[in-house]
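Coordinates in review
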Amino acid sequence: MSPTPDTAVPTVEELEAQERRLVFRRFTNDDAWALGSLLVELARERQAPVAVDIHRAGQQLFHAALPGSTPDNDAWIARKRRVVERYGSASYLVGSRFRAKGTTFEESSRLDADTYAAHGGSFPITVADVGVIGSVTVSGLPQVEDHRLVVEALERFLGE
């Protein structure tokens, strides 16, 4: 039985297409509040025990910890966010690229696993004609679900 679209693991090509598509014209502190609030709303609707974080240029602009989340989620957020900052790509995409080569991020990146995690849930905030300026991150669900929650919020926020 093949997976349904809701449970299918996205391909590297699909993940790269998401990044090309989900680009902002600008990104302000108010945008961070609105996007973060949308993510919290979506998570509450699903009773998802997640933490949500938005960073821009080294500054935390938004953070929320919903019921059921733990301090471990904040540690995961930091590790996933560092992958986006280092590679300029979604944490799930970075991990998927390693898996597509028959290895893992942990085995082949030569980076400290206590500092970096190429697991789903952190997505670059990219501004057109500027580049990656920050990240939006969710932690608390299985990695593909963390990734999908962020992508869904970005699609809604950007009117996709």
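Residues numbered from 1 in each chain as written. Predicted model: local features only at pLDDT ≥ 70, side-chain atom pairs only at ≥ 80, totals over all residues. Heavy atoms only, no water.

1. Focus on the pairing of strand β1 (residues 51-56)
- Along β1, 6 of the 6 residues are buried, which leaves the element largely enclosed by surrounding structure.
- Alternating residues of β1 divide into Ala51, Asp53 and His55 and Val52, Ile54 and Arg56, and every residue in both groups is buried.
- Relative to strand β2 (residues 59-65), β1 runs antiparallel, the two being bridged by 6 bridges. By the bridge assignment, Ala51 is partnered in β2 with Ala65.
- Here β1 folds back onto β2 in antiparallel fashion, the turn holding 2 residues, of which Ala57 has a positive phi close to 50°.
- Direction of pairing for β1 relative to strand β4 (residues 131-139): antiparallel, over a ladder of 6 bridges. Bridge pairing in β4 places Val52 opposite Val138. (Buried < 20%, exposed > 50% of the residue type's maximum accessible area, 1.4 Å probe, protein only. Helix = DSSP H or I, 4+ residues; strand = E, 2+ residues; numbered from the N terminus. Pairing = 2+ DSSP bridges.)

2. With respect to the packing of helix α3 (residues 71-87) against helix α4 (residues 91-100)
- Contact geometry of α3 with α4 gives a least axis separation of 8 Å together with a crossing angle of 75°. When the axis of α3 is compared with that of α4, the two are roughly perpendicular. Where α3 abuts α4, its residues Lys80, Val83, Val84 and Tyr87 lie against Ser91, Val94 and Phe98.
- A breakdown of the residues in the contact of α3 with α4 according to their chemical character gives 5 nonpolar, 1 polar and 1 charged. (Axes fitted to C-alpha atoms, helices over the stretch in contact; angles between N-to-C directions. Parallel < 35°, antiparallel > 145°, perpendicular 65-115°, else oblique. Contact = heavy atoms within 4.5 Å. Nonpolar A, V, L, I, M, F, W, Y, C, P; charged D, E, K, R; others polar.)

3. Let's talk about the environment of Lys80
- With respect to the helices and strands, the residue Lys80 is situated in helix α3.
- Take Lys80: its relative accessible area is 2%, and that puts it in the buried class.
- Separated by 31 residues in sequence, Lys80 and Leu111 have C-alpha atoms that sit 12 Å apart.
- Within the structure, the side chain of Lys80 is placed 2.9 Å from the backbone oxygen of Val138, a separation counted as a polar contact. (Polar contact = N/O pair within 3.5 Å; in protein donor to acceptor, adjacent residues only side chain to side chain.)

4. Quick look at the environment of Asp114
- Assignment of secondary structure puts Asp114 in the loop between α5 (105-108) and β3 (122-127).
- The spatial distance from the C-alpha of Asp114 to the C-alpha of Gly102 is 22 Å, given a sequence separation of 12 residues.

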